[in-house]
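Below are the chains, spelled out letter by letter.
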Amino acid sequence: MRKILVSVIASALASVACAQPAAQAEAPPSGTPKLIVVISVDQFSADLFDEYRPHFTGGLARLSNGTVFRNGYQAHAATETCPGHSTILTGSHPAHTGIIGNTWVDQSLQRSDRTVYCAEDERVPGSSTTAYTVSSMHLKRPTLGDYVKQRWPQSLNVAVAGKDRAAVMMSGHNVDQRWYWDGKKFASDVNKVAPATVGRADQAIATALAVVREPLELPPFCQAKTKPYTLTPPLIVGAGRFARAAGDARAFRVSPEYDGAILALAAGLIQEMKLGTHSTPDVISVGLSATDYVGHGFGAGGAEMCLQLLSLDRSLDGFFRVLDSERLDYAVVLTADHGGMDIPERLRAKGIADAQRANPNLAATVVGKEIAAKLKLSGPVLLGDLGGDVWIDRSLRPADRARVEREAIAFYKAQPQIEAVFTARQIARVALPTASPDKWSIEQRIRASFDPSRSGDLYVVLRRYVSPIAEPGPGYVATHGSVWDYDRRVPIIFWRRGMVRSDRPDHVSTVVILPTLAAEIGLPITQPIDGRCLSIEGVTCPSR
Ligand code: ZN
């Protein structure tokens, strides 16, 4: 991954090779930063941050010397990528961003596939959950970049990410450049002329992909984590080192190389678009997805995640050095869209006896079939996945819907792997919580994920440490999405050159990020948000 980062950046950056290192004694930050860099590391749980923090020596070590909230929270229940990214720069919970999941069921859709993708424009003819036109139309609140461009139209709002939904939900509606990798090349939904650095990044990836990648070297700390677990034979995880055949784009994405490529493009765009050199602040959102792909593919506790995080630390170091060489006055926020749960097999070996995989018969479609047979109804009856939002078939008569609801609640409540089930009516009566997010009840977490126009009729909560992946397969052995803190707790880190290291123990939700950054750059927030400005070094919160 260092190879890619160096090759793309180096070609753009010949002039910086001799840049002076920063002075040793640094003045505290003053004035407003000219560039806001917001980095989301997909599936970077606070548990992982805590564990690896002492081992970081690069970009993550640098950020660790800023203001660090190790008890940050994606406070809502549906801890998935799209909702998580929607909270980071809107200051709002999914209940208000409208992004209740990566997908949701819209029974009014006039197509066979009733599942809508969060960053899809389903009005485009032929659009489907998997073959869609990317759009921000489902996002109901403005982002930091939207506010910045409203206040200062000449400011630039840019996003780069490994996933389209990460780029869209962080940057919002009024965007100058937005790029994400589509599996073959960088793609954009924003109709603007592509900067030259995008073509160079595509070329650099093609060149890297064309050659075999030898297994990465294991540092001693990662060697200690190397222990193979055989899941569904021949699927083995725990000892992987990211060896890859030439041309294997899927393996490229599930590896540290991927974040290196995204950071290289971000650095190239900052340079080419001269972000941070204007009289008003610019914003770049960077979505780093490889940690999530590695977590899903191998779990969070083995050699693979160790190599990924130590590589990310180095890639971020290279990225920040480019910004330093440009002598930019930039402020960084780093957080995550959600945490994650390791494979139950390894968790049990570590003494978490409750860790287990879900019974596949708990999937909404399976439960729905049983209920339909019992009540002599036709149709799917229930729509949804294993845990989370469940929709009752709207084409049923009201009396039958009520019967289906009663049956479904009784079924779920009788299951040993189910913690609780709530109706939408119950959740709608709960007030959106404002207390410290570690104190929220399960109902309050679900309320923060609840949008009456999109949410299901029921919300099914799996017990703690029950993985919804009933049967692991290649690329998908572990996941996130639950109401539990291993999925909710994420680091929230604010950094700017010259800040004094501050470890903050308080529990705060990601909805604080927007108002805090807005205060840092003197930007008024004119619409309702859920978060409040945090008083940290360099930030004076507006009086209320
Ligand atoms: Zn994610």
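This report concerns the structure included in the present document. (Residues numbered from 1 in each chain as written. Predicted model: local features only at pLDDT ≥ 70, side-chain atom pairs only at ≥ 80, totals over all residues. Heavy atoms only, no water.)

Attention now moves to the packing of helix 8 (residues 196-209) against helix 11 (residues 256-272). Remark: helix 8 packs on helix 11, axes separated minimally by 9 Å, with the N-to-C direction vectors making an angle of 155°. With respect to their mutual orientation, helix 8 and helix 11 come out roughly antiparallel. Here helix 8 runs over helix 11; the crossing is right-handed. Taking contact as the criterion, the partners of Ala196, Thr197, Val198, Arg200, Ala201, Ile205 and Ala208 in helix 8 are, on helix 11, Glu257, Ala261, Leu265, Gly268, Leu269 and Glu272. For the contact of helix 8 with helix 11, the per-class residue count stands at 8 nonpolar, 2 polar and 3 charged. (Axes fitted to C-alpha atoms, helices over the stretch in contact; angles between N-to-C directions. Helix = DSSP H or I, 4+ residues; strand = E, 2+ residues; numbered from the N terminus. Parallel < 35°, antiparallel > 145°, perpendicular 65-115°, else oblique. Left-handed = near helix turned anticlockwise from the far one by under 90°. Contact = heavy atoms within 4.5 Å. Nonpolar A, V, L, I, M, F, W, Y, C, P; charged D, E, K, R; others polar.)

Most of strand 5 (residues 157-161) is tucked away, with 5 of its 5 residues classed as buried. Two strands pair when backbone bridges link them, and strand 5 and strand 10 (residues 282-288) are joined in this way by 5 bridges, in the parallel orientation. Counted as the bridge partner of asparagine 157 is valine 283 from strand 10. Here strand 5 pairs with strand 6 (residues 177-181) via 4 bridges, running parallel. Note on strand 6: the bridge partner recorded for valine 160 is tryptophan 179. Of the crossover connections in this fold, the one passing from strand 5 over helix 7 (residues 164-171) to the parallel strand 6 is right-handed. (Buried < 20%, exposed > 50% of the residue type's maximum accessible area, 1.4 Å probe, protein only. Pairing = 2+ DSSP bridges. Right-handed = clockwise from strand over helix to strand, strands pointing away.)

With 14 residues, helix 8 extends 20 Å from end C-alpha to end C-alpha; this agrees with the ideal 20 Å at 1.5 Å per step. Within the sequence span of helix 8, burial applies to Thr197, Val198, Ala201, Ala204, Ile205, Ala208 and Leu209. Each buried residue of helix 8 lies within a common arc of 130° when the element is viewed along its axis, so the set occupies one face. (Expected span 1.5 Å × (residues − 1). Arc of directions from axis to C-beta.)

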